[in-house]
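Each chain is listed here by its residues.
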Amino acid sequence: MIEVDYRFPPGVDAQKQAKVIAVGQTVGTWDARFAHRQASLREHLGEVIRVETENNTGCNIATIRFPQTNVENDISSLLTMIFGKYSMAGAAKVVAVRLPQDYGLSPKLGIIGIRKKLAVFNRPLVMAIFKPALGLSPEDHAAILKEVAYAGLDIIKDDEILGDLDIAPTLERLRACRQVIDEVKQKTGRTILYAVNVTGSADKLLEKARLLVREGANALLLNVLPYGFSVLQALAADADVNVPIFTHPALAGAFCAAPEHGIAYSVILGTFMAHGGADAVLYPAHYGSLPFDAVEEVKIKDSLRSRNVFPVPSAGIHPGIVPKTIGDYGNNVILNAGTGIMDHPDGAAAGVRAFFEALERVEKGESFELESLANGALKAAVEKWGKK
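Since the model is a prediction, treat every value here as computed from it, not as a measurement.

Side note on helix H6 (residues 170-188)
Because each turn of an α-helix spans 3.6 residues, side chains separated by three or four positions in sequence point in the same direction. Between its terminal C-alpha atoms H6 stretches 26 Å, which fits the 27 Å expected from 19 residues at 1.5 Å a residue. Along H6, the positions that sit buried rather than exposed are Thr170, Arg173, Leu174, Ala176, Cys177, Val180, Ile181 and Val184. Considering only its buried residues, H6 is in contact with helix H5 (138-149), strand S7 (193-197) and helix H7 (202-214). Gly189 sits one or two residues past H6 and shows a positive phi near 80°.

Rendered as structure tokens:
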């Protein structure tokens, strides 16, 4: 069975609306003409389990149980069933979805597999984002990657805005960066993952992903909400796409940000990504540059980790935030920084070194107060961005 929690604001008859959802989002009503089918119809009905009032808000939480036989073991049919048409009916928000453990897809690699690829097991991973996001050539991307890779970076990704554009076609970017990845491997023994943004119309995107992997892509990036959960699941289920899939939260605010409408961030970026086949999921950190609720962040983290999916708190991450992030996440986290690496006063390589200096200070329990920092990459970063 599938259970869904809906939050209704004060003034809405939650019991009545829950019944509307339980019936209207499943079988619908029937009359005497279908009396001979009554047993079968009832098997597909949703059921209102309970309606409870939140003490702190006065909102009502209605829990509805749906038969799993109503959906196709995917996220798209699940979304259609639990909220589809009713999402246009008025004030109501999906705040939790509980799925069977075997629903949907598990990650191909996830936390364990990504760590094995990188041969890094006992610390957070450090990831950068190519910046500027647009206007760079494939050779520019390769030069940036070379600089940060030799500084110790684990992962780099395209900006989510960068598609298959004439200035830097996806395959040409990959080929230029793959030379750097191979050189670093040969000279240092280290593996660098490059999450290439896979884009295009649905009929071509899957084949493009296969081509990228054949040409040496060792990770992919997908904007799941613009392209659809079915695209994520197709990539995750494809045996030829045998690399980790990093998912970006682009467009999530349109689904999740309204307080009385839509679907909670923890459901979209946590539960659904975790059951959709993602290997690592980006989402805002509550102490970063985007407004985000700390409670939702914890729910996302817990949902992802429960299915071996790497949490990637993002947006405004810089070296001064490392103590707070490690306090919240421990070692099983990917520290993802764009400007927090690329805009370091002493260059992108220094931005990477600043993160590793920060990790070392956290491990030793040392202070991040400016007066306690020796001159170097971390001090320059804290002077620019501060600390948490």
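Describing the nonpolar core
By size, the foremost hydrophobic cluster in this structure holds 102 residues, and its most contacted members are Ile2, Tyr6, Ile82, Leu145 and Ile341. Sort the elements by how many residues they give to this core and helix H11 (residues 265-276) lands first, with seven residues. Ile114, Leu118, Leu282 and Phe310 belong to the second-largest nonpolar core, a separate cluster that totals 17 residues.

Here we look at the sheet that holds strand S11 (residues 280-284)
Pairing is parallel in the open sheet, where eight strands are placed in the order S12-S11-S9-S8-S7-S6-S5-S13. Either end of the sheet is taken by a strand with one partner, and the two such strands are strand S12 (310-314) and strand S13 (334-337). For this sheet, the mean angle separating the axes of adjacent strands, direction not counted, is 25°. With four bridges connecting them, strand S5 (residues 125-129) and S13 associate as parallel partners. Paired with Leu125 across the bridge in S13 is Ile334. Where helix H12 (residues 294-305) meets the sheet, it contacts S11 and S12, and its direction lies at approximately 180° from that of S11.

Digging into the sheet that holds strand S4 (residues 92-98)
Judged by pairing direction, the sheet is mixed, and its five strands sit side by side in the order S2-S3-S1-S4-S10 without closing on themselves. Edge positions in the open sheet fall to strand S2 (47-53) and strand S10 (261-263), since each of these has one partner strand only. For this sheet, the mean angle separating the axes of adjacent strands, direction not counted, is 20°. The sheet contact formed by strand S1 (residues 2-8) and strand S3 (residues 60-66) spans seven bridges and is antiparallel. Bridge pairing in S3 places Val4 opposite Ile64. Contacts between helix H3 (residues 75-82) and the sheet are confined to S1, S3, S4 and S10, with S1 contributing the most and set at about 45° to the helix. Packed onto the sheet, H11 meets S4 and S10 and runs at close to 25° relative to S4.

A short note on the pairing of strand S9 (residues 245-248)
Of the two faces of S9, both are covered, the one formed by Ile245 and Thr247 as well as the one formed by Phe246 and His248. As paired elements, strand S8 (residues 219-223) and S9 share four bridges and run parallel to each other. Within the sheet, the bridge partner assigned to Leu222 lies in S9 and is Thr247. Across two bridges, the pairing between S9 and S11 is parallel. What sits directly across from Phe246, in S11, is Ala280.

Let's talk about the state of the cysteines
Going through the model one piece at a time under the given rule, you end up with zero disulfides. With no disulfide of its own, Cys59 lies 17 Å from the sulfur of Cys256, the closest cysteine sulfur.

A closer look at the pattern of salt bridges
With the rule as written, the count across this model stands at 20 salt bridges. Between Arg173 and Asp158 there is a salt bridge, and its shortest N-O distance comes to 2.7 Å. Of this pair, Arg173 sits in helix H6 while Asp158 sits in the loop between strand S6 (155-157) and H6, placing them 15 residues apart in sequence. By the burial criterion, Arg173 is buried, and Asp158 matches it. Here Asp328 makes a salt bridge to Lys324, at a shortest N to O gap of 3.7 Å. You can see Asp328 and its partner Lys324 sitting in helix H13 (residues 322-329), four residues apart, about one turn around the helix. Through salt bridges that share partners, Glu3, Asp5, Arg65 and Arg98 make up one connected network.

Some points on the packing of H5 against H6
Interhelical geometry of H5 versus H6 gives an angle of 25° and a closest axis separation of 8 Å. Considered as vectors, H5 and H6 are oriented roughly parallel to each other. H5 and H6 meet at a crossing whose hand is right-handed. Together, Pro138, His141, Ala142, Leu145, Lys146 and Ala149 of H5 and Glu172, Arg173, Ala176, Cys177, Val180, Ile181, Glu183 and Val184 of H6 make up the contact between the two elements. Residue classes in the contact of H5 with H6 are distributed as nine nonpolar, one polar and four charged.

Comments concerning the packing of helix H15 (residues 348-364) against helix H16 (residues 377-385)
Two numbers describe how H15 lies on H16: the axes approach to 7 Å, and their chain directions differ by 95°. What the angle tells us is that H15 and H16 run roughly perpendicular. Of H16, the residues touching H15 (which contributes Ala350, Arg353, Ala354, Glu357, Ala358 and Arg361) are Ala377, Leu378 and Ala381. Per-class residue counts for the contact of H15 with H16 are six nonpolar, no polar and three charged.

What about the environment of Ala209?
Looking at the element boundaries, Ala209 is found in helix H7. Judged by its relative accessible area of 0%, Ala209 falls in the buried class. For the pair Ala209 and Leu145, spaced 64 residues apart in sequence, the C-alpha separation works out to 21 Å. Beyond its immediate chain neighbours, meaning those up to four positions away, Ala209 contacts Val198, Leu220, Leu235 and Val241.

Each value, and the rule that gives it
Residues numbered from 1 in each chain as written. Predicted model: local features only at pLDDT ≥ 70, side-chain atom pairs only at ≥ 80, totals over all residues. Heavy atoms only, no water. Helix = DSSP H or I, 4+ residues; strand = E, 2+ residues; numbered from the N terminus. Expected span 1.5 Å × (residues − 1). Buried < 20%, exposed > 50% of the residue type's maximum accessible area, 1.4 Å probe, protein only. Contact = heavy atoms within 4.5 Å. Core = buried A, V, L, I, M, F, W, Y, C linked by side-chain atoms within 4.5 Å. Pairing = 2+ DSSP bridges. Axes fitted to C-alpha atoms, helices over the stretch in contact; angles between N-to-C directions. Disulfide = S-S within 2.5 Å. Salt bridge = Lys/Arg side-chain N within 4 Å of Asp/Glu carboxyl O. Parallel < 35°, antiparallel > 145°, perpendicular 65-115°, else oblique. Left-handed = near helix turned anticlockwise from the far one by under 90°. Nonpolar A, V, L, I, M, F, W, Y, C, P; charged D, E, K, R; others polar.

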